[in-house]
Amino acid sequence: MDRKALLDEVKYYFNYSDHWRRLCAALRDPDPTGTHIHSYVETSVHPDSLETIIKRYFERLGRPSTRKIDHMAPKAGVGSLHGVEPLGSPHFDYQWIFNKDVGLKACDGGESGCNLLVWNRWYINQFCSQFPFRKVGTKEEKALEEYFKTDHFVKALEYPVMPTTNHFHINVHASVHPDVIQKFAEEALAREGVKIFYTCPNVYMADGKNYRGKLVFMSKQPEVVFDIGWLFDPKTVIEPAMEPWIFKDHPGYDLWSSDMLAQVMDAPYVTLSKEEIDDVLRACRFA
């Protein structure tokens, strides 16, 4: 693609596109720690350049990035700036698909036929309302305390900090409300020396068709993002889910590796110079 045409398309996207405006509008959700967003674009611009533009864009609005942005590949052919979080905003994943003929534009589709998906507290409440969660008494509290001492949970905390791990899920069957799981999980994380900014209740596409519940832990120390995915099962309070969910390599877990990202990065991306990035940002209106 002609470089001038590429830069013009990037300028147009950040200044005039409906997709970017809708994303920025969604970032004004009044409950930022209870909201998560997926955004899908096609691009030939290197993700490092996109990350720089996005971070500097929000810095200009007085909302600098509050944490490290991870790069990962959520599935084959898709990359992600994972856990972008401007100050006071929900965190979002900026997913891209490489297209050598495109500077930057919204995907036609993306996930569930949408190129911008927003899950907030209202959505999660509606999602959870379909399940007859069991009431929590002494028996249930004991089961939760015991689970969060098991190797399935404690040993799992070693995976997110491995240099070959880009993202990680702990998978469980459960019949108690995720708010209850969150309470016991946060207590266990504190016991294990993990410090978190906050926990965001959410959902994710586990099998390509249906959304499944999860809790997203925005960890401060170590600075990683990891999830507990849960599948409602009335037969148990909480236990490891050992059947494959997304991957088969690590029973009880799903792990997104650096090798997956390397495959997505094996394309002729265009890295923008500092002057070109400056030019993009000069073209933007920051009203």
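Before reading on, note that the structure itself is shown above.
Since the structure is predicted, the reported quantities are computational estimates derived from the model, not experimental observations.

**Comments concerning the overall build of the protein**
Step number 1: Per the secondary structure count, the protein includes 9 helices and 12 strands.
Step number 2: Taken over C-alpha atoms, the radius of gyration comes to 20 Å for the protein, in line with the 19 Å a tight globule of 287 residues would show.
Step number 3: On the principal axes, the C-alpha backbone points of the protein span a range of 65 × 35 × 35 Å.
Step number 4: Within the span of the protein, comprising 287 residues, buried residues form 53% of the whole.
Step number 5: Restricting to contacts in the protein with at least 6 residues of sequence separation, those with at least 24 account for 71%.

**Things to note about the packing of helix α3 (residues 47–60) against helix α9 (residues 274–282)**
Step number 1: Viewed as axis vectors pointing N to C, α3 and α9 meet at an angle of 40 degrees, and their least axial separation amounts to 10 Å. Here α3 is positioned oblique relative to α9, judged by the angle of their axes. The interaxial crossing formed by α3 with α9 has right-handed handedness. The segment α3 lies against α9, with S49, T52, I53, R56, Y57 and R60 engaging I277, D278, V280 and L281.

**What about helix α5 (residues 138–147)?**
Step number 1: For α5, the full list of buried residues reads E140, L144 and Y147. End-on view of α5: buried residues confined to an arc of 65 degrees, all on one side of the axis. Those residues of α5 that are exposed and aimed more than 90 degrees away from the buried face are T138 and K139.
Step number 2: Each element contacted by the buried residues of α5 is listed here: α6 (151–154), β7 (165–174), α7 (178–191) and β11 (238–240).

**Re the nonpolar core**
Step number 1: Within the largest apolar cluster, 40 residues are counted, with the highest numbers of intra-cluster contacts made by F148, F153, I170, I228, W230 and I238.
Step number 2: Of all the elements in the fold, those that place two or more residues in this core are β6 (116–119), α4 (121–128), α5, β7, α7, β9 (211–221), β10 (225–232) and β12 (253–257).
Step number 3: Looking at this core element by element, the count peaks at 5 residues for α7.
Step number 4: Every residue in contact with I238, bar those within four places of it in the chain, is listed here: A143, L144, Y147, F148, V172, H173, A174 and I181.
Step number 5: Residues L7, W20, V264 and L272 belong to the second largest nonpolar core, which totals 38 residues.

**Quick word on α9**
Quick reminder: α-helices carry 3.6 residues per turn. Residues three or four places apart thus point the same way.
Step number 1: All of the buried residues in α9 are E276, I277, D278, V280 and L281.
Step number 2: Tucked into the core, α9 has its buried residues touching α1 (3–16) and α3.

**A short note on the side chain of H152**
Step number 1: The residue H152 is located in helix α6 in this model.
Step number 2: For H152, a relative accessible area of 9% translates into the label buried.
Step number 3: Of the polar contacts made by the side chain of H152, one reaches the backbone oxygen of G252; its length is 3.1 Å.
Step number 4: If near-sequence neighbours (up to four positions away) are discounted, H152 is found in contact with Y147, I170, N171, V172, P240, M242, G252 and Y253.

**Remarks on the pairing of β7**
Step number 1: When you tally the buried positions in β7, you get 10 out of 10 residues, the bulk of the element.
Step number 2: When β7 meets β12, the two strands line up antiparallel, connected through 5 bridges. Note that in β12 the partner of F168 across the bridge is L255.
Step number 3: Where β7 lies against β10, 7 bridges are found, and the strand directions are parallel. Across the sheet, I170 pairs through a bridge with I228, a residue of β10.
Step number 4: For β7 and β11, the ladder comprises 3 bridges, and the chain directions are antiparallel. What sits directly across from H173, in β11, is E239.

**Description of the environment of V102**
Step number 1: In this fold, V102 is placed in the loop between β4 (91–98) and β5 (104–106).
Step number 2: Taking the C-alpha atoms as reference points, V102 and G83, 19 residues apart in sequence, are found 24 Å from one another.
Step number 3: Setting aside chain neighbours within four positions, we find V102 in contact with M1, E9, E42, T43 and S44.

**A few points about the environment of Y13**
Step number 1: Topologically, Y13 is positioned in helix α1.
Step number 2: Put simply, Y13 and S175 are 162 residues apart on the chain and 44 Å apart in space, counted from C-alpha to C-alpha.
Step number 3: Other than its neighbours up to four places away in sequence, Y13 contacts H19, W20, V41, Y94, L104, K105 and A106.
Step number 4: Among the polar contacts made by the side chain of Y13, one reaches the side chain of Y94 at a distance of 3.0 Å.

What counts and what doesn't
Residues numbered from 1 in each chain as written. Predicted model: local features only at pLDDT ≥ 70, side-chain atom pairs only at ≥ 80, totals over all residues. Heavy atoms only, no water. Helix = DSSP H or I, 4+ residues; strand = E, 2+ residues; numbered from the N terminus. Rg over C-alpha atoms; globule rule 2.2 N^0.38 Å. Buried < 20%, exposed > 50% of the residue type's maximum accessible area, 1.4 Å probe, protein only. Contact = heavy atoms within 4.5 Å. Axes fitted to C-alpha atoms, helices over the stretch in contact; angles between N-to-C directions. Parallel < 35°, antiparallel > 145°, perpendicular 65-115°, else oblique. Left-handed = near helix turned anticlockwise from the far one by under 90°. Arc of directions from axis to C-beta. Core = buried A, V, L, I, M, F, W, Y, C linked by side-chain atoms within 4.5 Å. Polar contact = N/O pair within 3.5 Å; in protein donor to acceptor, adjacent residues only side chain to side chain. Pairing = 2+ DSSP bridges.

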